[in-house]
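# Residue-level structural notes
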Amino acid sequence: MDNKRELFQVLTRRFGLLNKNCCSVGAIDISTVHSHIIYEIDKQHEPTMQQIAETLAIDVTTFSRQIQTLIKMELVTKSPSLNDKRYYVLALTTQGKFMASTIEASMNNYLGEIFSHMNEFEQETVLRSIKLLNNAMSKSSVCCTPLL
């Protein structure tokens, strides 16, 4: 049996490198963390700062600094919630939406190229296995509980 930890270490490193390559659009370079934040803001409907921070398992203070950087880069806006003034709602600017769709296209191209080295059965097996693993991780008491 293969060493499980070694398999995950290699996979994590390779996926980390893949994520690093995704985050340049024109003259703008963004970090992997910023890429994840942009992805979640784009995916969720009118998310609050707390919701995105919780989804990404980032403490709110650190997350707030990350959002300020994205606001300065004119990729994200932050406005008080109409329902509860204690919360701020995040949204992507037009430039932020362009960044999100460009990163999405790049990642899909990268993943498409990776999957092109497998036949259809292997691709389906990998995707089914990843779904099973994500499901098992969501039930685990030792990790991953902030993620949905």
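Anything mentioned here points back to the structure above.
Heads up: these notes are all about the structure in this document.

## Considerations on helix H4 (residues 60–72)
Compared with the 18 Å implied by 1.5 Å per residue over 13 residues, the 18 Å span of H4 between its first and last C-alpha is a close match. Among the residues making up H4, those that are buried are Phe63, Ile67 and Leu70. Down the axis of H4, the sector holding all buried residues measures 60 degrees, keeping them to one side. Within H4, the exposed residues directed more than 90 degrees away from the buried face are Thr61, Arg65 and Lys72. Tucked into the core, H4 has its buried residues touching helix H2 (32–43), helix H3 (49–55), strand S3 (76–80) and strand S4 (88–92). The backbone nitrogen of Thr61 has a side-chain oxygen 3.2 Å away, supplied by the residue at the start of H4, namely Asp59. Phi turns positive, to about 60 degrees, at Glu74, one or two residues after H4.

## A look at helix H6 (residues 120–139)
A rise of 1.5 Å per residue sets the reference length of H6, with its 20 residues, at 28 Å; its end C-alpha atoms lie 29 Å apart and thus fit the reference within 8%. Two or three places before Phe121, at the start of H6, stands the capping residue Asn119, its side-chain oxygen 3.0 Å from that residue's backbone nitrogen.

## As for the side chain of Thr48
Of note, Thr48 is situated in the loop between H2 and H3. What makes Thr48 buried here is its relative accessible area of 13%. When neighbours within four sequence positions are excluded, Thr48 is seen to be in contact with Tyr87, Tyr88, Val89 and Leu90.

## With respect to the nonpolar core
Ile38, Ile41, Phe63, Ile67 and Leu90 are the most contacted members of the largest nonpolar core, which totals 20 residues. At four residues, the largest contribution of residues to this core is made by helix H5 (residues 94–115).

## Focus on a nonpolar patch on the surface
A contiguous nonpolar patch, built from Leu7, Phe8, Leu11, Leu133 and Met137 and spanning about 430 Å² of accessible area, is present on the exposed surface. Where the nonpolar patch is concerned, the elements lending two or more residues are helix H1 (4–22) and H6. With three residues, H1 is the single largest residue contributor to the nonpolar patch. Checked against the element boundaries, Leu11 lands in helix H1.

## Notes on the packing of H2 against H5
When two helices pack together, their arrangement is given by the angle between the helix axes and by the axis-to-axis distance. Contact geometry for H2 and H5: axes closest at 10 Å, N-to-C directions at 105 degrees. Accordingly, the angle class assigned to the pair H2 and H5 is roughly perpendicular. Contact residues: H2 offers Ser35, Ile38, Tyr39 and Asp42, while H5 offers Gly96, Met99, Ala100, Ile103 and Glu104. Looking at the contact of H2 with H5, its residues break down into five nonpolar, two polar and two charged.

## Let's talk about the layout of surface pockets
One number sums up the size of the second largest pocket: a volume of about 150 Å³. Along its surface, the second largest pocket is lined by Glu46, Thr48, Ser79, Pro80, Ser81, Leu82, Asn83 and Val89. Along the lines of polarity and charge, the residues of the lining of the second largest pocket split into three nonpolar, four polar and one charged.

## With respect to unusual backbone geometry
For Glu46, which is not glycine, the phi torsion reads 45 degrees and is therefore positive. Tracing the backbone shows Glu46 in the loop between H2 and H3. A residue is classified by how much of its surface remains accessible, and Glu46, at 54% relative accessible area, is exposed. Of note in the backbone geometry, Ala57 takes a positive phi value of approximately 55 degrees without being a glycine. As for its position among the elements, Ala57 is in the loop between H3 and H4. Residue Ala57 is classed as exposed on the basis of its relative accessible area, which comes to 52%.

Cut-offs and rules
Residues numbered from 1 in each chain as written. Predicted model: local features only at pLDDT ≥ 70, side-chain atom pairs only at ≥ 80, totals over all residues. Heavy atoms only, no water. Helix = DSSP H or I, 4+ residues; strand = E, 2+ residues; numbered from the N terminus. Expected span 1.5 Å × (residues − 1). Buried < 20%, exposed > 50% of the residue type's maximum accessible area, 1.4 Å probe, protein only. Arc of directions from axis to C-beta. Contact = heavy atoms within 4.5 Å. Polar contact = N/O pair within 3.5 Å; in protein donor to acceptor, adjacent residues only side chain to side chain. Core = buried A, V, L, I, M, F, W, Y, C linked by side-chain atoms within 4.5 Å. Patch = residues over 30% accessible without salt bridge, like charges linked within 9 Å, V, L, I, M, F, W, Y side chains within 5 Å. Areas by Shrake-Rupley, 256 points an atom, 1.4 Å probe, with all protein chains shown as cover. Salt bridge = Lys/Arg side-chain N within 4 Å of Asp/Glu carboxyl O. Axes fitted to C-alpha atoms, helices over the stretch in contact; angles between N-to-C directions. Parallel < 35°, antiparallel > 145°, perpendicular 65-115°, else oblique. Nonpolar A, V, L, I, M, F, W, Y, C, P; charged D, E, K, R; others polar. 1 Å grid on protein atoms, 1.4 Å probe; cavity = no way out; pocket = protein on both sides within 12 Å on 5 of 7 lines; lining within 4 Å. Points joined across faces, edges and corners; volume = space filled by probe spheres on them.

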